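Remarks on the overall topology
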There are 2 protein chains.
Amino acid sequence: MVELAREELHTSVTDPVSASMNFLNEVAGRFPDAISLAAGRPFDEFYAVDDVAKYLDAYVAFLRSEGVSEARIRQALLQYGRTNGQLGPMIARTLEVDEDIRVPPDAIMVTSGCQEAMIVAVRGLCSRPGDVVLAAEPCYLGFTGAARVLGVEVVPVPETDGGLRPETVARVAGEVRASGRCPRALYVVSNFANPSGVSLPAATRRALIDVADEQDLLILEDDPYGLFGLDDERPPAIKALDCEQRVIYLGSFAKSVFPGARVGFLVADQTVVDESGTRTLLADELSTVKSMVTVNTSPIAQAVIGGVLVSSGYSLRAANREKIAFYRRNLRALLAALERHFAGTAVTWNAPAGGFFAVADVPVRADEKLLEVSARDYGVLWTPMSFFYLDGGGSHAIRLACSALATERIDEGVRRLAALIAGAGS
Amino acid sequence: MVELAREELHTSVTDPVSASMNFLNEVAGRFPDAISLAAGRPFDEFYAVDDVAKYLDAYVAFLRSEGVSEARIRQALLQYGRTNGQLGPMIARTLEVDEDIRVPPDAIMVTSGCQEAMIVAVRGLCSRPGDVVLAAEPCYLGFTGAARVLGVEVVPVPETDGGLRPETVARVAGEVRASGRCPRALYVVSNFANPSGVSLPAATRRALIDVADEQDLLILEDDPYGLFGLDDERPPAIKALDCEQRVIYLGSFAKSVFPGARVGFLVADQTVVDESGTRTLLADELSTVKSMVTVNTSPIAQAVIGGVLVSSGYSLRAANREKIAFYRRNLRALLAALERHFAGTAVTWNAPAGGFFAVADVPVRADEKLLEVSARDYGVLWTPMSFFYLDGGGSHAIRLACSALATERIDEGVRRLAALIAGAGS
């Protein structure tokens, strides 16, 4: 019988962060009655199973109204399709309505979730051994994981309470270059980041474009949470400010529609020039990579998302009114519970202006051992912030998620957390 | 404005084979009335758009019949899900019914098309700089492309008319090892390969397992065409003979159901052992890679495939009776047309026992220039076999596909091809 040595498998299999996430899932499985302030998935009672067929029908009706023949409609849903997908025009229109981002439909690639958008963008941009990507740290695990699969190094740029500082990006990019490597791109979540909850002020967004220009970087702007601010005021997307085409925008429908479609996208409107002077669009060049990862994104899944977009008048903001209200209520409940149970203690926390997450600094080591105790003896789950650092950090901080819980459970979750910290600190 | 230098993008973007495939698509676009003996996609009139909702319903009805709650069903379709997917038990049952392959459901990972299965398997197995994969040549472009995205070298093993020869595999593996590299796996299409149409005899299948054992390789067995033999006789899948767990089986529903679902799978029932002696299943270890490529495969797309499987009594062979008859008719029409138009000329061809493809050796250089002439002046498209060789080869051979055409068009396509060859040779 074959026995494979685990240490001979790729580092993307054996990375300790994977083990940590497995541990978290395993603990969650062992203590199913624990309140999970760890799960950052969307709340899942906004849609019903029948909505899938409803939105499929809406998309097919739209194609018919455009005069598309029945044979072409059948092909659009059931056959292989264009590598970059069929929703480019709909997504371009939605980006204009909701985000004031104006890009040609051909600059949009529909991907198998935003995760694939990261893989495709990083793969296309990083070709030489010393090509690296920078990333705001603490960093979303999906991004560091995508880079690891490709063997591309991620260099962290430490985030502050006010988000990434442009001068820090410039410094890190300079250090990378001085070491003989080449920084190709900077990954940043512009609104209510996972895990920190932090957003970039408008001035920082403009300044980041300038830094990217000076340092000859592209910015990979990821914005899965932008719709879910505590109020309707919010700085423009970096991409909306991007007259120089410094930004590749990464999009997700996992939160704004539902995760089960596994549809995301990227916007890559940069010009590519070859040796003979021929000019193409980066999205078209990247399609070769996409074709070798998943061929194309399931047209059935695309049709469901297309049905949502056409039914909403191309506004996810309009389509998400109920969800926006729910997530606001939950984040306010989380922040109120933190105030109620931790005010006057050694625990401090940040106050994100939206999104699914907040971070608490705690006077105890927030490691896997504490998490096990927390689940078993206190009935509450959370995520150690140390998971989100590449080279150490976050040892005394925890990520609290409020997206997947019924609102009324949040206060009890934080109460249990306070009991844990009080118990562990004594 | 940003201008990116094309030569600084990754080789998976700039590879000449991509340019060749683009050229082929571009020629096909310019001459839409040409008969395409190039397109190897499935014929798309077996299903209607309404079938999507029908199979979704069938899957939901199945879950209800199993006592799954409505809340769980909603989550199964709309929420994130298990990384390795939810169809493991159904696929395991289907493999047993159709292929006599017996594997535990947990050894199955559902992927975003078979393309992702290749990416995940190659990534997991190849970790060190000198780790390479062997592949039968001429080779499916999706496999060489997947390896290129990951920066993993593919070493060709030349195929003969009788398929891959085990002693050649042993020789190439030995040469690779002697050069200081490590051959980790061998990619082979066991039935009616794309592009060659060649199948492996039963004795070769057994011998390949022995060679894999001797050389400490895994076999990546890809079998998208196995259902579509000219008769019902067919050697067992290599995986069905695999008592030693030497084989990772790669599966596709693109031909047996339809491509638009973008659902494939891999079977990895190998044991993995870590330094402490803990034993896990390779499919579970590879799930970390899968999670960083696409998180999980669209549950909606999985549900459609699940609906097909449950409706067919877990037999794709039963579900595909009409398609099997159609593809048999088309391949027989292609072989008859070759006989009719080329017998007694310098053109020779092989006679595959099934599948979508045959190969003709022609007395002229079958390059892009000839393809352009063929499309413009003769109204017929085909694929240069040179596309499928890594280091030269196939310069005087063409791949003929018969899957996407109405049967009655095939003879006219081959007649046009004969006119081209007669004209080019004179």
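Residues numbered from 1 in each chain as written. Chains lettered and ligands numbered in written order. Predicted model: local features only at pLDDT ≥ 70, side-chain atom pairs only at ≥ 80, totals over all residues.

1. Some points on the interface of chain B and chain A
One frequent convention defines the size of an interface as the accessible area lost when the parts assemble. Short version of the rule: By the convention adopted here, residues make contact when the C-beta atoms placed from their backbones lie within 7 Å. Secondary structure is summarised from DSSP: a helix means a run of H or I of at least four residues, a strand means a run of E of at least two, and numbering begins at the N terminus for each. Three classes are used, and their members are as follows: Ala, Val, Leu, Ile, Met, Phe, Trp, Tyr, Cys and Pro are nonpolar, Asp, Glu, Lys and Arg are charged, and the others, Gly among them, are polar.
Taken together, the contacts link 75 residues of chain B with 75 residues of chain A. Ranked by the residues each element gives to the side of chain B that touches chain A, the list is headed by helix H10 (residues 282-293) of chain B, at 7 residues. When its residues are assigned to classes, the side of chain B that touches chain A shows 36 nonpolar, 23 polar and 16 charged.

2. Overview of the pairing of strand E8 (residues 247-252) of chain B
Residue and element names in this part refer to chain B. Note the threshold: Here the C-beta atoms are placed from the backbone, and a residue counts as buried if at least 20 other C-beta atoms lie within 10 Å of its own, exposed if 12 or fewer do, and partly exposed otherwise. DSSP bridges decide pairing: two strands pair if at least two such bridges lie between them.
The buried fraction of E8 amounts to 6 of the 6 residues, a majority that puts the element mostly inside the structure. The alternating pattern of E8 places Val247, Tyr249 and Gly251 and Ile248, Leu250 and Ser252 on opposite faces, both of which are buried. Note: strand E7 (residues 218-222) against E8, 4 bridges, orientation parallel. Each bridged residue has a counterpart across the sheet, and for Ile219 the counterpart in E8 is Val247.

3. Details of the domain arrangement of chain A
Residues and elements named next belong to chain A. What counts here: Where a domain begins and ends is set by an automatic assignment or by a domain database.
We note that the domain assignment places domain 1 (6-45 + 320-425) and domain 2 (53-313) within chain A. Its C-alpha centre places domain 1 at a distance of 27 Å from the equivalent point of domain 2. Listed by partner, the interface residues are 30 residues for domain 1 and 29 residues for domain 2. Contributions of two or more residues to the side of domain 1 that touches domain 2 are made by helix H1 (11-14), helix H2 (16-30), helix H13 (321-342) and strand E13 (357-361). Its residues placed into classes, the side of domain 1 that touches domain 2 shows 17 nonpolar, 8 polar and 5 charged.

4. What about unusual backbone geometry?
Here Glu137 of chain A and Pro138 of chain A are connected by a cis peptide whose omega angle stands at 10 degrees. With respect to the secondary-structure elements, Pro138 of chain A resides in the loop between strand E4 (131-137) and helix H7 (141-150). Although it is not a glycine, Tyr314 of chain B adopts a positive phi angle of roughly 60 degrees. Residue placement: Tyr314 of chain B occurs in the loop between helix H11 (299-311) and helix H12 (316-319).

5. Brief notes about the sheet that holds strand E1 (residues 3-5) of chain A
As a reminder of what qualifies: Lines fitted to C-alpha atoms define the axes here, with helix axes fitted over just the stretch in contact, and angles between the N-to-C directions of these axes take values from 0 to 180 degrees.
As summarised here, the arrangement of the 3 strands in space is E1(A)-E10(B)-E11(B), forming an open sheet in which the pairing is mixed. Two strands lie at the open edges of the sheet, namely E1 of chain A together with strand E11 (279-281) of chain B, each paired on one side alone. Each neighbouring strand pair of the sheet contributes to a mean axis angle of 40 degrees, computed without reference to strand direction. Pairing geometry for E1 of chain A and strand E10 (residues 271-273) of chain B, over 3 bridges, is parallel. Bridge pairing links Ala5 of chain A to Val273 of chain B in E10 of chain B. Along the sheet, H10 of chain B makes contact with E1 of chain A together with E10 and E11 of chain B, crossing E11 of chain B at roughly 70 degrees.

6. So, the relation of the copies chain B and chain A
The cut-off we apply is this: In superposing the copies, a least-squares fit is computed on C-alpha atoms, taking residues whose pLDDT is at least 70 in both.
Once chain B has been moved 0.0 Å along the axis and rotated by 180 degrees, it coincides with chain A to within an RMSD of 0.0 Å. When the rotation and shift are considered jointly, the pair of chain copies conforms to a two-fold rotation axis. When you check the interface residues of chain B against chain A, 100% turn up at the interface there too, and the contact is symmetric in its surfaces.

7. So, helix H3 (residues 50-65) of chain B
Threshold: A helix is expected to span 1.5 Å for every residue after the first. Here the arc refers to the directions that run from the helix axis out to each C-beta atom.
Over its 16 residues, H3 of chain B runs 23 Å from end to end, which matches the ideal 22 Å to within 8%, given 1.5 Å per residue. Among all positions in H3 of chain B, only Val52, Tyr55, Leu56, Tyr59, Val60 and Leu63 of chain B are buried. Viewed end-on, H3 of chain B has its buried residues packed into an arc of 140 degrees, placing them on one side of the element. Across H3 of chain B from its buried face, at more than 90 degrees, point the exposed residues Arg64 and Ser65 of chain B. For H3 of chain B, the secondary structure elements touched by its buried residues are helix H3 (50-65), helix H4 (70-78) and helix H11 (299-311) of chain A together with helix H4 (70-78) and H11 of chain B. Gly67 of chain B sits one or two residues past H3 of chain B and shows a positive phi near 85 degrees.

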